[in-house]
Amino acid sequence: MPSKSSRNWLKEHFTDAYVKQAQKQGYRSRAVYKLLEMHERYHLFRPGMTVIDLGAAPGGWSQLLVRLIKPNGRLFALDLLPMAPIEGVEFIQGDFADESLMQSLLRQLSSARADWVISDMAPNMSGNASIDIPRAMYLAELALDFALQALREGGGFLIKVFQGEGFDAFLADIKRNFKSVIIRKPKASRSRSREVYILARELCP
């Protein structure tokens, strides 16, 4: 029998307006509305761009992105978990911490480099912040390191992070590498969540 916390999560999930809207509009996750809100406000993506979607499964962000960057755009999606195919998305399944996987992706980019690296990655949460926050920060640091290799000069980086230990130092590192950096908490983010999104634009040369 599910625990009380599991029952509460299920009740919240199936009564969530964004979950219902995603189901109605054919999106795979409610997270798509976080990305859509930021795109509509800041005009992040346009046709012809090359975008890398880290932590892509189940594919909500990729579903939206592939529409925004066509025609002539290119979208790479990566996740440890499997993801059902999406037309126009080049999916790579593997561990983001695997250096060989990252190098393979960089080779596929060749000299073109990406316009955006975006990340909605999160570790499996235990509910213990002293464990979860460092795990999440480790993934964030890997994503930033990859973005600095993959992005063209002037490119952008959008990442989900969790406020807590290591956040300020991570934010300072991003500010050293990008000309414009803001923090957003989209309306679709649950109010109790520590998650925020760092939106960094114009990678410095």
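These notes cover the structure that comes with them. What you see is a predicted model; the values in this text were computed from it and never measured.

**Some thoughts on the sheet that holds strand 1 (residues 50-54)**
If you walk across this open sheet you meet the seven strands as 3-2-1-4-5-7-6, and the pairing is mixed. This sheet does not close on itself; its edge strands, each paired only once, are strand 3 (89-93) and strand 6 (178-184). Put simply, the sheet's adjacent strands are angled 15° from each other on average, direction ignored. In the sheet, strand 1 pairs with strand 4 (residues 114-119) via four bridges, with the strands oriented parallel. Directly across from Leu54, in strand 4, lies its bridge partner Ser119. Running at roughly 170° to strand 5 (residues 151-162), helix 6 (residues 129-150) makes contact with strand 1, strand 4, strand 5, strand 6 and strand 7 (195-203) of the sheet.

**Considering the pattern of salt bridges**
Scanning all chains against the criterion turns up six salt bridges. The closest approach of N and O atoms between Asp115 and Arg152, which form a salt bridge, is 2.6 Å. Residue Asp115 is found in strand 4, and its partner Arg152 is found in strand 5; the two are separated by 37 residues along the sequence. One salt-bridge network, held together by shared partners, links Lys34, Asp120, Lys160 and Glu195.

The rules behind each value
Residues numbered from 1 in each chain as written. Predicted model: local features only at pLDDT ≥ 70, side-chain atom pairs only at ≥ 80, totals over all residues. Heavy atoms only, no water. Pairing = 2+ DSSP bridges. Helix = DSSP H or I, 4+ residues; strand = E, 2+ residues; numbered from the N terminus. Axes fitted to C-alpha atoms, helices over the stretch in contact; angles between N-to-C directions. Contact = heavy atoms within 4.5 Å. Salt bridge = Lys/Arg side-chain N within 4 Å of Asp/Glu carboxyl O.

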